[in-house]
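So the chains spell out like this:
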Amino acid sequence: MTGDFEGQASDFWGFATALYARPGVAALCLDLQDRAGHDVNLLLLSLWAGEALGLALDDWDLADLAAAVAPWNLRAVHPLRILRRSLKGEPWADTLRARIGTAELEAERLAQRHLLATLPLRSRGVPSPELGFANLERYAGSAAALSLSALFEAGAAPRPSA
């Protein structure tokens, strides 16, 4: 892997964790994951690709990205998430649940690397938040893009630096 890839992986992880930590963003992402079946990392990548890279994602790109990360999600991310969630509310399992949460977070970071390795290499335009939201709308629909946009407009979730 090149230093450029490592830099992008670090930049994307920083963007994703900063955005996810903003008020209301995690709840919205988890709702889109649990109710609509969207991949949170792909939601975040859609935004980052437009905002940081100037990359407009089309339907083919999104299908390729989803297919690239699906095996890893099925083998690692989803089983860890299911196990962690199953232990919620069990005080005797708090330490184990925290360790599983740490492993799940590392699995999510590796999922992001799968996504980055699959990004198209075509020429890119001017990076902008609008392009990020256009990508998000293409992936998750206009309701998701509008919901996230509303969080930013309300000031609850200022944009992380791309």
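Values in this document were obtained by computation on a predicted structure and should not be read as measured data. (Residues numbered from 1 in each chain as written. Predicted model: local features only at pLDDT ≥ 70, side-chain atom pairs only at ≥ 80, totals over all residues. Heavy atoms only, no water.)

Some words on the overall build of the chain
And step 1. Each helix and strand in the chain was counted, giving 7 helices and 0 strands.
And step 2. The C-alpha radius of gyration computed for the chain amounts to 16 Å, which stays within 12% of the reference 15 Å derived for 162 residues, consistent with globular compactness.
And step 3. The dimensions of the chain, computed from C-alpha atoms along their principal axes, are 50 × 40 × 25 Å.
And step 4. Here the chain, with 162 residues, has 43% of them falling under the buried criterion. (Helix = DSSP H or I, 4+ residues; strand = E, 2+ residues; numbered from the N terminus. Rg over C-alpha atoms; globule rule 2.2 N^0.38 Å. Buried < 20%, exposed > 50% of the residue type's maximum accessible area, 1.4 Å probe, protein only.)

Let's talk about helix H3 (residues 40-53)
And step 1. Spanning 14 residues, H3 covers 19 Å between terminal C-alpha atoms, matching the ideal 20 Å at 1.5 Å per step.
And step 2. For H3, the tally of buried residues reaches 13 of 14 residues, placing the bulk of the element in the interior.
And step 3. You can read the cap of H3 off the contacts: a side-chain oxygen lies 2.8 Å from the backbone nitrogen of asparagine 41, and it is on aspartate 39.
And step 4. A positive backbone phi angle near 70° is found at glycine 54, which sits one or two residues after H3. (Expected span 1.5 Å × (residues − 1). Polar contact = N/O pair within 3.5 Å; in protein donor to acceptor, adjacent residues only side chain to side chain.)

Section: the packing of aromatic side chains
And step 1. Using the criterion set out here, one finds 1 aromatic pair in the structure.
And step 2. Here the aromatic rings of phenylalanine 12 and tryptophan 48 are separated by 5.2 Å at their centres, their planes lie at 35°, and the arrangement is tilted. With phenylalanine 12 in helix H1 (residues 3-20) and tryptophan 48 in helix H3, the pair connects residues that are 36 residues apart, well separated along the chain. Across this residue pair, the class does not change: phenylalanine 12 and tryptophan 48 are buried. (Phe/Tyr/Trp six-rings, centres within 6.5 Å; stacked < 30°, edge-to-face > 60°.)

Overview of the environment of leucine 44
And step 1. By the secondary structure assignment, leucine 44 is in helix H3.
And step 2. The buried category is assigned to leucine 44, whose relative accessible area is 3%.
And step 3. Between the alpha carbons of leucine 44 and glycine 132 there is a distance of 9.1 Å; along the sequence they are 88 residues apart.
And step 4. With near-sequence residues (within four places) excluded, leucine 44 lies in contact with Phe12, Phe15, Ala16, Leu19 and Cys29. (Contact = heavy atoms within 4.5 Å.)

Remarks on the side chain of serine 128
And step 1. Topologically, serine 128 is positioned in the loop between helix H5 (94-118) and helix H6 (129-140).
And step 2. Judged by relative accessible area, which is 17%, serine 128 ranks as buried.
And step 3. Not counting residues up to four positions away in its chain, the partners in contact with serine 128 are Gly50 and Glu51.

Regarding the environment of leucine 80
And step 1. In this structure, leucine 80 sits in helix H4 (residues 59-86).
And step 2. Assessed through its relative accessible area of 22%, leucine 80 is described here as partly exposed.
And step 3. Taking the C-alpha atoms as reference, leucine 80 lies 21 Å from leucine 45; in sequence the two are 35 residues apart.
And step 4. Dropping the residues within four chain positions of it, leucine 80 is found in contact with Ile100, Ala103, Glu104 and Ala107.

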